[in-house]
There are 2 protein chains.
Amino acid sequence: LNDATGTPERIAAPEPGVVGGITIRAAGQPTRAAVLSVGSELLLGDLTDTNATWISRRLKEQGVEVVHHLAVRDDLAEFVSALDWLAERTHLVIIGGGLGPTSDDLTREAVASTAGVELEHREDLAEEIARRFAAMDRHMAPANLKQAMIPAGADAWPPAGTAPAFGMTLTSPTPTRIIALPGVPWELHQLWDDHVAAEVAALAGRRVTVTRILHVVGRGESDVAAVVEPLVDARPEATLAFLAKAHEIQVRLTVSADDREAAFAASQPLVDEVTAALAGGVAGVDDEDLETVVLRMLTEAGQTVSTAESATGGDISARLARIPGASRALVGGAVVYAMDAKHDLLDVPTSLLDEHGSVSGPITEALAAGARARTGTDWAIAVTGVAGPGTVDGLPVGSCFWALAHPDGHVEVHGQRIPGDRTQVIARLGTVAIDLLRRRLAGT
Amino acid sequence: LNDATGTPERIAAPEPGVVGGITIRAAGQPTRAAVLSVGSELLLGDLTDTNATWISRRLKEQGVEVVHHLAVRDDLAEFVSALDWLAERTHLVIIGGGLGPTSDDLTREAVASTAGVELEHREDLAEEIARRFAAMDRHMAPANLKQAMIPAGADAWPPAGTAPAFGMTLTSPTPTRIIALPGVPWELHQLWDDHVAAEVAALAGRRVTVTRILHVVGRGESDVAAVVEPLVDARPEATLAFLAKAHEIQVRLTVSADDREAAFAASQPLVDEVTAALAGGVAGVDDEDLETVVLRMLTEAGQTVSTAESATGGDISARLARIPGASRALVGGAVVYAMDAKHDLLDVPTSLLDEHGSVSGPITEALAAGARARTGTDWAIAVTGVAGPGTVDGLPVGSCFWALAHPDGHVEVHGQRIPGDRTQVIARLGTVAIDLLRRRLAGT
């Protein structure tokens, strides 16, 4: 075990899984799946298999147990051997990659070989591919017509890009559903939403699910788990997972219902309950992370913010600037890395710097006030700290201060030892400082 | 095939691979390997398997063909079945994970079961683990003694953290070497360098290799490949791979020789030749990336730099500040996101802003001059641009300017359309601006 963050799902004993009239999974049996990733670049170490992670999370959210990830080179014998081995052990194999037009693209041949069928030309797919090229005003090479060949008996889906995807049921030795998707992430994701999710729901015998993501900042994972787990345990229709990121903990709530709207509606009371229980720790929900929420709240209030950064060196401002439309609320600020810069750019008195040292509450307060005065913004965020690896003025690594200048001119200052290495201290100090503004904008 | 960036290695017909007196690979046969990653968190989609990528790249550099990656849950039957399948197909299986002290950690049991041997207590390992805990001033739980149990007949290596690693040769059905390493990346990397690399060299029948990394900025991958490939093709002792990152292209040159010093010495003329051929495009070599090189050159020259950032919003400064010791050369600067901030923080005349618009050569020049004047630094970097998604003053997305104020006060300005989405434009604009300073510090 490396450092698991997932909690086991409660898998309801599902109805039997029937796809295209063939019973693939008996009633009461959990649905077992595998991800087969195709491409020599994975085995050469040139590309990391993030598709396997993405697919696994989606399958878990639909109540499916993923038992293996397997990667193969562009080699037909190795591919077929791997597909055989997985099909013997699972109800569902998701293949990612190998659907392009070149001779290296072997997924069509491998599935046909495993199923014991021939490839057949599908005129409807050929026409669709030609349409795609025409719409992009690109020349279609004859090789692209290879993409209109799929195993006889397979169910084809029109391409998201130019590669058609397909599903095929193997009946021997035991029934297994094979789903072949392109390896390009956006195409894979789009085909999943358009076709695969519904098929997985049928196979897993589950109703439709939605996943809500709560972005939690300023609290540790075990602390968050202790608060959230009892709330979700009380809801049989919901499951829970945690995902720890550099800047936040994601709480992922999955709720099932008869259709998507009902699942979404059923999820909202739980989202509200968890948000309330985490007492202001939830920075945003679903697509809204901390930076997006802060900029939206500022824009809605018609207010602006500036920054004064020492230890973070511009990272707070850069995190806000990455959000499209940031210019509506982010005016700018100063990076005051050296002692002199604090004076030269933001008018912090030299006597104050001499008295307190550059990493201190009074200096952080003066920086916030200086940034607000210089830029004329409503709010200003300031941070100082010791990011390491060395100490500063005898202060240990991780000693940090952050301050917020309010629209009425008063400045609040906080200080704490933040754990971690240089990169982590910079990331976490930025998060607590941005989150302080979020809390004050929310009136908490 | 997704988007391969690796070029095929020329594998010399190697001597037979003998480890511990057992011939694992016949002469002339390429060495085949697999990576087996252990941990339910991988299959739940909570963690992406970056270890498999890292191990594959290292094995490729030693002339080994990686044919499969396989991930398994913390389930003994599934683990043993997977290990059997891989051992039948390869000469070498690298296992990552499952060596911790909990009941979920099954690598010791799985290898013993596959080899048909018992686990045995190794007093030397138990003492070493106890020493590690004492040195960290941490209490050792009785469960940690489980980590001193390894399959009978295995070769144990002392831990990098607290988990001993081991190697074991399976003789049936065909000889296969199993190497079990902890899943924590830094422990895995350290054990690889200390023990595994030499064993792989013996198995692959190759001499010792070193890999040199050239960090190339400001040129496209196909352009770099066209320059570098003929130079490396002319050297039978060297192999080549490319790795495209957001900010740079890595050219990875691997050279083999009888020992590490000889390999390093043999690599240097090739590194020099490639660097010269790329005409200033190589920002740094090995551990030195662009930001590290610029800060080192500034520090050596006793010079300082400041920044004035509009489109990048603080990212240039933050990239420099991430490097330990940045404070020796990075003084600070201004984030001048809004029009007014350019005037308020860096004294750019309002009339100039009205005349040229905020994204323009004259404004970028004035920002660089303003940052240098305000902070008293030797150099100042300034950028403006349209990061998107929307246009600014009718300028299309990607329109960018960057300027460098020199120690003598003169300012050079450049402008170009930079392709990509918002994130890419921000990253690439920062890179060209930092790289301009590097080129001038290098006198080119």
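The present account deals with the structure reproduced in this document.

Cut-offs applied
- Residues numbered from 1 in each chain as written.
- Chains lettered and ligands numbered in written order.
- Predicted model: local features only at pLDDT ≥ 70, side-chain atom pairs only at ≥ 80, totals over all residues.
- Heavy atoms only, no water.
- Axes fitted to C-alpha atoms, helices over the stretch in contact; angles between N-to-C directions.
- Helix = DSSP H or I, 4+ residues; strand = E, 2+ residues; numbered from the N terminus.
- Parallel < 35°, antiparallel > 145°, perpendicular 65-115°, else oblique.
- Left-handed = near helix turned anticlockwise from the far one by under 90°.
- Contact = heavy atoms within 4.5 Å.
- Nonpolar A, V, L, I, M, F, W, Y, C, P; charged D, E, K, R; others polar.
- Expected span 1.5 Å × (residues − 1).
- Buried < 20%, exposed > 50% of the residue type's maximum accessible area, 1.4 Å probe, protein only.
- Arc of directions from axis to C-beta.
- Salt bridge = Lys/Arg side-chain N within 4 Å of Asp/Glu carboxyl O.
- Buried area = accessible area lost by both parts, 1.4 Å probe.
- Polar contact = N/O pair within 3.5 Å; in protein donor to acceptor, adjacent residues only side chain to side chain.
- Pairing = 2+ DSSP bridges.
- Core = buried A, V, L, I, M, F, W, Y, C linked by side-chain atoms within 4.5 Å.
- Least-squares fit on C-alpha atoms with pLDDT ≥ 70 in both.
- Phe/Tyr/Trp six-rings, centres within 6.5 Å; stacked < 30°, edge-to-face > 60°.

A few points about the packing of helix α3 (residues 76–89) of chain A against helix α4 (residues 107–115) of chain A
Residue and element names in this part refer to chain A. Orientation of α3 relative to α4, taken along the N-to-C sense of each, is 50 degrees, at an axis distance of 9 Å. In terms of orientation, α3 and α4 fall into the oblique class. Like other packed secondary-structure pairs, α3 and α4 cross with a definite hand, here right-handed. Facing α3, whose interface residues are L76, F79, V80, L83 and D84, α4 presents T107, E109, A110, V111, S113 and T114. Grouping the constituent residues of the contact of α3 with α4 by class yields six nonpolar, three polar and two charged.

Some points on helix α5 (residues 123–135) of chain A
Note that an α-helix has 3.6 residues per turn; residues three or four places apart therefore point the same way. Residue and element names in this part refer to chain A. Taking 1.5 Å as the rise per residue, α5 with 13 residues should run 18 Å; its terminal C-alpha atoms sit 18 Å apart, in good agreement. Taken together, the buried positions of α5 are occupied by L125, A126, E128, I129 and F133. For α5, the angular spread of the buried residues around the axis is 165 degrees, confining them to a single face. Relative to its buried face, α5 has exposed residues pointing more than 90 degrees away, namely A134 and A135. Buried residues in α5 make contact with β6 (119–121), β7 (149–151) and β8 (155–157). Downstream of α5 by one or two residues, D137 has phi in the positive range, about 60 degrees.

So, the pattern of salt bridges
Per the counting criterion, the structure on display carries 44 salt bridges over all chains. Ionic pairing is found between D286(A) and R212(A), a salt bridge with its closest N-O pair at 3.0 Å. Here D286(A), found in the loop between β14 (282–285) and α9 (290–301), pairs with R212(A), found in strand β11 (residues 208–216); they are 74 residues apart in sequence, far enough to count as distant. A relative accessible area of 5% places R212(A) in the buried class. When salt bridges that share partners are traced, they join R32(A), E65(A), R73(B) and E78(B) into one network.

Details of the interface of chain B and chain A
With 76 residues of chain B at the interface, the matching set in chain A holds 76 residues. When chain B packs against chain A, the two sides together hide about 6,100 Å² of surface, and 52% of this comes from carbon and sulfur. Inspection of the chain B/chain A interface yields six salt bridges. Notably, a salt bridge pairs R73(A) with E65(B), separated by 2.8 Å at the nearest N-O pair. Summed over the shared surface of chain B and chain A, the result is 36 residue pairs in polar contact (both at pLDDT 80 or more). Considering every element that reaches the side of chain B that touches chain A, the biggest residue donor is strand β4 (residues 65–72) of chain B, with eight residues. The residue inventory of the side of chain B that touches chain A, partitioned by class, reads 34 nonpolar, 23 polar and 19 charged. When strand β4 (residues 65–72) of chain A meets β4(B), the two strands line up antiparallel, connected through five bridges. From the neighbouring strand, H68(A) faces β4(B), where its bridge partner is V72(B).

Comments concerning the nonpolar core
The biggest cluster of nonpolar side chains holds 63 residues, and the ones touching the most others in it are L36(A), I95(A), L36(B) and I95(B). Not counting the four nearest positions on each side in its chain, I95(B) is found in contact with L36(B), V38(B), F79(B), L83(B), T107(B), V111(B), I178(B), I179(B), A180(B) and L181(B). Counting 40 residues, the second largest nonpolar core, distinct from the first, contains A308(A), L345(A), V348(A) and A366(B).

Section: the sheet that holds strand β15 (residues 305–309) of chain B
Strand order in the open sheet formed by ten strands is β19(A)-β18(A)-β17(A)-β15(A)-β16(A)-β16(B)-β15(B)-β17(B)-β18(B)-β19(B), with mixed pairing between adjacent strands. In this open sheet, the two edge strands, each paired with only one partner strand, are β19 (411–417) of chain A together with β19 (411–417) of chain B. The average angle at which neighbouring strand axes cross in this sheet is 10 degrees, direction not considered. Here strand β18 (residues 399–405) of chain A pairs with β19(A) via seven bridges, running antiparallel. Within β19(A), the position partnered with S399(A) by the bridge is R417(A).

Points about the environment of A126(B)
Mapped onto the elements, A126(B) comes out in helix α5 (residues 123–135). With sequence-adjacent residues up to four places away left out, A126(B) is seen in contact with H121(B), L145(B) and A148(B).

Remarks on the relation of the copies chain B and chain A
At an RMSD of 0.5 Å, chain B and chain A line up after a rotation of 180 degrees and a shift of 0.4 Å along the axis. Expressed as an axis order, the relation between the two copies is that of a two-fold axis. Most of the interface of chain B is mirrored in chain A: 100% of its interface residues are interface residues there too.

A word on the packing of aromatic side chains
This structure, assessed with the given rule, holds three aromatic pairs over all chains. Consider the rings of W54(A) and W192(A), whose centres lie 5.8 Å apart with planes at 90 degrees: the pair is edge-to-face. Pair noted here: W54(A) is in helix α2 (residues 50–61) and W192(A) is in helix α6 (residues 185–204), with a separation of 138 residues, a long-range link. Residue classification places W54(A) among the partly exposed residues on the basis of a relative accessible area of 22%. The exposure class of W192(A) is buried, given its relative accessible area of 0%. For the ring pair W85(A) and W85(B), a centre distance of 5.1 Å and an interplane angle of 25 degrees mean the geometry is stacked. Of the two residues, W85(A) is situated in helix α3 and W85(B) in helix α3 (residues 76–89); the pairing between them involves two chains.

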